[in-house]
Amino acid sequence: MKSNKKKEKEIREGGYMEFSLTEMVQEQVEKAFSCTDIPEYVQNILKCPKLILEVNFPVRMDDGHVECFKGFRCQYDNALGPTKGGVRYHPEVSKEEVTALAAWMTWKCALVDLPYGGAKGGVACDPTQLSETELERITRRYTTEIMPILGPHLDIPAPDVFTTSKTMAWMMDTFSMFKGYTEPAIVTGKPEVLGGSLGRKQATGRGVAIATRELYKNLGKKLKGATVAVQGFGNVGSHAAFFLEEMGAEIVAVSDSSCGLIDYDGLHLEDLTECIEKHQCLIQFSKMKPCERDEVLYQDVDILIPAALENQIREDNADNIQADVVAEGANGPTTPAADEILEKKGVHVIPDILANSGGVIVSHLEWAQALSGLRWEEEEINQRLEKRLVSVFDKVWKKAEEKKISLRTAAYVVAIERIAEVYSYRGLFP
Ligand code: NAD
């Protein structure tokens, strides 16, 4: 296999920016394996997905013609419990992508001590070109195709890129129709009226802010007055910005796919949210001049939050990052080669599996509410999220200190050691 540095260079020179997520996750995990003494057979189990289902299904489109779509569901590992992970609708969805994302979910759930394995699924389609009725038919048919491996104690989907609470409502309804009873625990991220948890929408951004606050505390620094740049002012990025502002930080730069906005006197977040609600993009913000969206990444700020997509901080641009702290709201925003550069520069990176774990923590609370038939107040949800994240952050920080490794490798080590311990108790059959 080519070294990742070499591959990143080739990708750049060829103008093809996508870095293999599978190689990225493999490299991160290999690094963590070398810091543990878990048995080789467990390492081998964890190097491959347990199950991948690939489906090909027809859907009648609005104009009457029939189109075929490819869908996937990968259950990476289920030693800790039923698998959990989002469903993505995107033209680039592939077996390889869902496998890498399912692996990340496995490490994330293990890290934050949830009784879940990791999964991910998706349909290769362009949702921006599909009507709502077409999306509903695709969702219902995809759910039917993967039904044999779904279940509240088997595999529980959630929203991901270009899927929403409405998608989850259609999945839940399809599953319930076939079973003959209503099964709210089959998905999380549902609309609140169907049993969606209070606080779920804000949970990932809230978690990013909590993890950043904990890092600052451990570094002996104060968040008050710290400057923040947020790449991707969507669900995760905007909520992280609001919570960090509440904690005393100042948001000075934000971007979305349309542009960047920078003001070192501080941005007015309510105005930005209003603009997004009205126009769905920041470029329509009339109160200031927009800049190139990538400029936001390179600002001289204290904290950078990449909350857009994977592969944003790479070997070719990592040197331009000026922030002292990078809190990864998105999954996989930093490539391994960029990680090394940031480490040498002394940048503290809060890895995605820790920083953005607030979403799955509250998804677990949603599932627990559905199974128990109870409904918890938002305050209780937020307190539980806070308590768990603070304790996990502490565990990762201590592991990093003990082994003199980065927070990313430490987070993987904590996750891998937990899964290995579970395998050691469960044993092998026969
Ligand atoms: P979202 O669609 O609500 O927001 C994404 C934002 O990124 C949008 O504002 C989009 O315009 C912007 N964007 C896209 N390309 C960009 C670019 N090149 N430069 C700047 N901005 C760009 O999605 P989200 O739910 O906020 O998810 C963001 C990331 O966080 C994804 O990687 C997702 O997998 C990850 N994540 C989300 C959750 C969750 O609960 N929503 C949980 C864990 C991880």
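Residues numbered from 1 in each chain as written. Predicted model: local features only at pLDDT ≥ 70, side-chain atom pairs only at ≥ 80, totals over all residues. Heavy atoms only, no water.

**Overview of the overall build of the protein chain**
Right, on to step 1. The helix and strand inventory of the protein chain stands at 14 helices and 11 strands.
Right, on to step 2. Its C-alpha atoms give the protein chain a radius of gyration of 21 Å, near enough to 22 Å, the size a compact globule of 430 residues would have.
Right, on to step 3. Principal axes of the C-alpha set define a box for the protein chain whose edges measure 55 × 55 × 50 Å.
Right, on to step 4. Residue pairs in contact within the protein chain that sit at least 24 positions apart in sequence constitute 68% of those at least 6 positions apart.
Right, on to step 5. Of the roughly 18,600 Å² of accessible surface on the protein chain, 50% is carried by carbon and sulfur atoms.
Right, on to step 6. Each charge class in the protein chain can be summarised by its mean position, and for the 50 positive and 65 negative side chains these summaries are 4 Å apart. (Helix = DSSP H or I, 4+ residues; strand = E, 2+ residues; numbered from the N terminus. Rg over C-alpha atoms; globule rule 2.2 N^0.38 Å. Contact = heavy atoms within 4.5 Å. Areas by Shrake-Rupley, 256 points an atom, 1.4 Å probe, with all protein chains shown as cover. Lys, Arg positive; Asp, Glu negative; His and termini not counted. Charge placed at Lys NZ, Arg CZ, Asp CG, Glu CD.)

**Notes on the site of the ligand**
Right, on to step 1. Close to the ligand lie 22 residues; Thr-204, Asn-235, Val-236, Asp-256 and Ser-257 are nearest.
Right, on to step 2. Here an oxygen atom of the ligand and a backbone polar atom of Val-236 are 2.9 Å apart.
Right, on to step 3. Asn-331 is positioned with one of its side-chain polar atoms (N or O) 3.1 Å from an oxygen atom of the ligand.
Right, on to step 4. Against a free-state accessible area of 830 Å², the protein chains account for coverage of 75% of the ligand.
Right, on to step 5. Secondary structure elements with two or more residues in the shell around the ligand: α7 (200–218) and α8 (235–246). (Near = heavy atom within 4 Å. Polar contact = N/O pair within 3.5 Å; in protein donor to acceptor, adjacent residues only side chain to side chain.)

**Brief notes about the pattern of salt bridges**
Right, on to step 1. In total, this model carries 26 salt bridges according to the counting rule given.
Right, on to step 2. A salt bridge links Glu-214 to Arg-213, with the nearest nitrogen and oxygen atoms 2.9 Å apart.
Right, on to step 3. Taken together, the shared-partner salt bridges connect Arg-88, Glu-97, Lys-120 and Asp-160 into one network. (Salt bridge = Lys/Arg side-chain N within 4 Å of Asp/Glu carboxyl O.)

**Notes on unusual backbone geometry**
Right, on to step 1. With an omega of 0 degrees, the peptide bond running from Phe-429 to Pro-430 counts as cis.
Right, on to step 2. Turning to its location among the elements, Pro-430 is positioned in the segment after α14 (407–426).
Right, on to step 3. Although it is not a glycine, Asn-311 adopts a positive phi angle of roughly 60 degrees.
Right, on to step 4. Take Asn-311: it is sitting in the loop between β9 (303–306) and β10 (325–327).
Right, on to step 5. Of note in this structure, Lys-404 is not a glycine but carries a positive phi near 55 degrees.
Right, on to step 6. Tracing the backbone through its elements, the reader meets Lys-404 in the loop between α13 (378–403) and α14.
Right, on to step 7. On the basis of relative accessibility, which here comes to 73%, the residue Lys-404 falls in the exposed class. (Buried < 20%, exposed > 50% of the residue type's maximum accessible area, 1.4 Å probe, protein only.)

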